[in-house]
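A closer look at the structure
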Amino acid sequence: MPTEITPEQFEDAADIFKALADPARLRILLLLSEQERGVSELAELGGEKLGTVSARLKLLLQARLVRRRREGKAIIYAIADHHVVNLVQNAIDHACEHL
């Protein structure tokens, strides 16, 4: 862990938690932790409209939790890095613990 954390870095970390503070966005991240997926596949798996999923992905992209690439006409999303998988998995594991 860095010895000095700047106020901007604290803001960036808080933005990550804001982006994670929605069950539907967590579900998207969990699905993406399994494999890369397109918007339409994510919408189908979640039973949601394309526009809704796109808006959620935009927020996740802004928080640097996902990355995207173009494949023909499709945009394919993936988890940004292993830190995101760890965050999501740790949150889910913690929520599932019986205290």
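In this text, all values refer to a predicted model and were calculated from it rather than measured experimentally. (Residues numbered from 1 in each chain as written. Predicted model: local features only at pLDDT ≥ 70, side-chain atom pairs only at ≥ 80, totals over all residues. Heavy atoms only, no water.)

1. Here we look at the pairing of strand E3 (residues 74–79)
Sheet analysis places strand E1 (residues 37–38) next to E3, joined by two bridges and oriented antiparallel. The residue of E3 that forms the bridge with Gly38 is Ile76. In this antiparallel pair of consecutive strands, strand E2 (residues 66–71) and E3, the connection spans two residues, and Gly72 shows a positive phi of 65°. (Pairing = 2+ DSSP bridges. Helix = DSSP H or I, 4+ residues; strand = E, 2+ residues; numbered from the N terminus.)

2. With respect to the environment of Leu20
Relative to the assigned elements, Leu20 resides in helix H1 (residues 7–20). Classification of Leu20 as buried rests on a relative accessible area of 12%. Here the alpha-carbon distance between Leu20 and Leu65, two residues 45 residues apart in the chain, equals 9.1 Å. Beyond its immediate stretch of four places on either side in the chain, Leu20 contacts Leu26, Leu29, Leu65, Leu87 and Val88. (Buried < 20%, exposed > 50% of the residue type's maximum accessible area, 1.4 Å probe, protein only. Contact = heavy atoms within 4.5 Å.)

3. Some words on helix H3 (residues 39–46)
Val39, Leu42 and Ala43 are the residues of H3 that are buried. The buried side chains of H3 occupy one side of the element, clustering within an arc of 100° when seen end-on. Looking at the buried positions of H3, the neighbouring elements they touch are helix H2 (23–34), E1, helix H4 (50–62) and E3. In the segment just after H3, Gly47 is the residue with positive phi, at about 65°. (Arc of directions from axis to C-beta.)

4. Considerations on the environment of Ala63
If you trace the backbone, Ala63 turns up in the loop between H4 and E2. Ala63 sits eleven residues away from Ala74 along the chain, and the two C-alpha atoms are 22 Å apart. Those residues in contact with Ala63 that lie beyond four places of it in its chain are Asp15, Ile16 and Ala19.

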